[in-house]
Amino acid sequence: MRLCALLVLLPLLPSLRAGTNWFLPSMLEKREVRRALQSVDSRASTIVEEWIRLTEIPAPSGSEQARAAYIRAAIEKLHLSEIRTDEVLNVSGVRKGTGGGPTVVFAAHLDTVFPSGTPLRVKREGDVLRAPGIGDDTSNLIAVLEMFRALDRGDVRTRGDLIFLATAREELGLLGAKHWLESSGYKPDMFIAVDLSSTQVWYGALRIHQFRFFYTAPGAHTMESRGAPSPARAVAQAISDVYRIPLPSPAAGLDGFQLPVINVGMLGGGTVFNAVPREAWFTVDLRSLDTPTADRLRNAVLLAARRAAEQEHVGFRAERALSIDYSKALSRAVRLNHPVVQTALATSNYFRKPDTPRIEPMDAGSTDANIAVSMGIPAVAIGAVRQSMPHRLEEHAEAGSIVPGIKSLIALAIALTSH
Ligand SMILES: [Zn+2]
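Residues numbered from 1 in each chain as written. Predicted model: local features only at pLDDT ≥ 70, side-chain atom pairs only at ≥ 80, totals over all residues. Heavy atoms only, no water.

Let us now look at the environment of Pro-250. Structurally, Pro-250 can be placed in the loop between helix 7 (231-242) and strand 11 (261-263). On the basis of relative accessible area, Pro-250 is assigned to the partly exposed category, the value being 42%. On a C-alpha basis, the gap between Pro-250 and Gly-101 in space is 41 Å, while along the polypeptide they are 149 residues apart. Apart from residues no more than four positions distant in its own chain, Pro-250 is found in contact with Gln-258 and Leu-259. (Helix = DSSP H or I, 4+ residues; strand = E, 2+ residues; numbered from the N terminus. Buried < 20%, exposed > 50% of the residue type's maximum accessible area, 1.4 Å probe, protein only. Contact = heavy atoms within 4.5 Å.)

Right, dumping it as structure tokens:
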């Protein structure tokens, strides 16, 4: 058995050598490619204006209709076939290659974490654009769209197919990408999630567990509430116990992120001041770099949540919001050395801002690429724009960084599909 497996793998080995990068700067010298790149330069201000317009179209997770419609209309003007909007509002289209090359997906997500009613007006201060969602992931969505447009404008032909994918419900647990990869019928050879700052290249997948815990009781008027079972008290107890779970020391070299981490992101319950709530709830988002730690912490969280219900004599229900099975994921070394990662690293570094530190790959990820990683599809998460403070009202991005970012995507698309 072992020998058979080895023989099957042999033809793949040359292309999986450590550090296999398919990008060569000379690829950018071809006339059609030069035309595509120049067209991005000449459209710089138009691109930023559209980026601002798109940011101001609300797209809370699960309510992406307006943005999905905008993107659909935009890609209908491109040389794409099989344009689709699916049940969950993922929008996709295929840019057919000349044949014989790999199929590569470029995905950016439509949704933002900001609820409807959040003021989205973009403020411009010099080169800095400020607005909720300006970076995550509107900047990358525009960049991917503009990459496809530029390929059309240059009349660039690739060997492999390129798939444009705008995903929905990413912030709800990568639900759109999961739906698309499992049920669209496409079997891409490589998957690029464009969902980071352009200073990042991530080739892994964080282990993520998300839960919502519900506590229930018959309720009672405040006047009768002494000693009555209280879902509110159970939530308070459970949250404080969850935050007392000891966490291992943070892994070093992870772009400033302290992992593993457990966060309570939402809590709620009750309807009036003067009664014990009949129901109260909270959510947990747990992230770790490795499966054993993630599983151990998940068990500790479940135990703390359940114990609070028992102590308080209230009903209890746990809903799992997200949990991905990584048993089919390729090994760390294979993921890191795969051309999709090495080529993304090369193009991101080639187009990075002058005099900034070299971009190093990280074995992490909490983007649509996680789903691809879990299915064993070679994948990487990158970014096209320098940006910071995602998921916060203070979110901002560098307007001028989008032009080199789009060029970097063009270079990546050409390098990956020409093999
Ligand atoms: Zn995102």
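Attention shifts here to the coordination of the zinc ion. Protein coordination at the zinc ion: the donors are His-109 (NE2), Asp-136 (OD), Asp-195 (OD) and Asp-195 (OD), at 1.9 to 2.7 Å from the metal. Considering all four donor atoms around the zinc ion, angles at the metal cover 51 to 145° and the coordination shape is irregular. For the zinc ion, the donor residues sit on a single chain with the sequence spacing H-x26-D-x58-D. Of this pair, His-109 sits in strand 3 (residues 104-109) while Asp-195 sits in the loop between strand 7 (190-194) and strand 8 (201-202), and the two are 86 residues apart along the sequence. Judged by relative accessible area, His-109 falls into the buried class, the value being 1%. (Donors = N, O, S within 2.8 Å, 3.2 Å for Na, K, Ca; no water. Tetrahedral: all angles 85-135°; square planar, octahedral: opposite > 155°, others 65-115°.)

Next up on the list: the pairing of strand 14 (residues 279-288). On a regular strand, each side chain points to the face opposite its neighbour's, so the side chains alternate between the two faces of the sheet. The element strand 14 is extensively covered by neighbouring structure, given that eight of its 10 residues are classed as buried. Where strand 9 (residues 207-216) meets strand 14, 10 bridges bridge the pair, whose relative direction is antiparallel. Residue pairing across strands places Ile-208 opposite Arg-287, the latter belonging to strand 14. Where strand 11 lies against strand 14, three bridges are found, and the strand directions are antiparallel. Note that in strand 14 the partner of Ile-262 across the bridge is Leu-286. Here three bridges tie strand 12 (residues 267-269) to strand 14, and the two strands are oriented antiparallel to one another. When the sheet's bridge partners are listed, Leu-267 is paired in strand 14 with Phe-282. (Pairing = 2+ DSSP bridges.)

Core analysis: the biggest nonpolar cluster contains 73 residues, and Ile-71, Phe-106, Phe-164 and Ile-192 have the highest contact counts within it. In terms of residue count, the dominant contributor to this core is helix 12 (residues 402-417) (11 residues). In contact with Phe-164, not counting residues within four places along its chain, are Ile-71, Ile-75, Leu-80, Val-91, Ser-92, Gly-93, Phe-106, Leu-141, Val-144, Leu-145 and Phe-148. Counting residues in each nonpolar core, the second largest holds 30 residues, with Val-94, Trp-180, Ile-208 and Tyr-326 among its members. (Core = buried A, V, L, I, M, F, W, Y, C linked by side-chain atoms within 4.5 Å.)

Now for the side chain of Thr-158. Take Thr-158: it is sitting in the loop between helix 5 (138-154) and strand 6 (162-167). Assessed through its relative accessible area of 4%, Thr-158 is described here as buried. A distance of 2.8 Å separates a polar side-chain atom of Thr-158 from the backbone oxygen of Gly-160. Non-local contacts of Thr-158, meaning those with residues more than four positions away in its chain, are made with Arg-95, Gly-97, Thr-98 and Thr-417. (Polar contact = N/O pair within 3.5 Å; in protein donor to acceptor, adjacent residues only side chain to side chain.)

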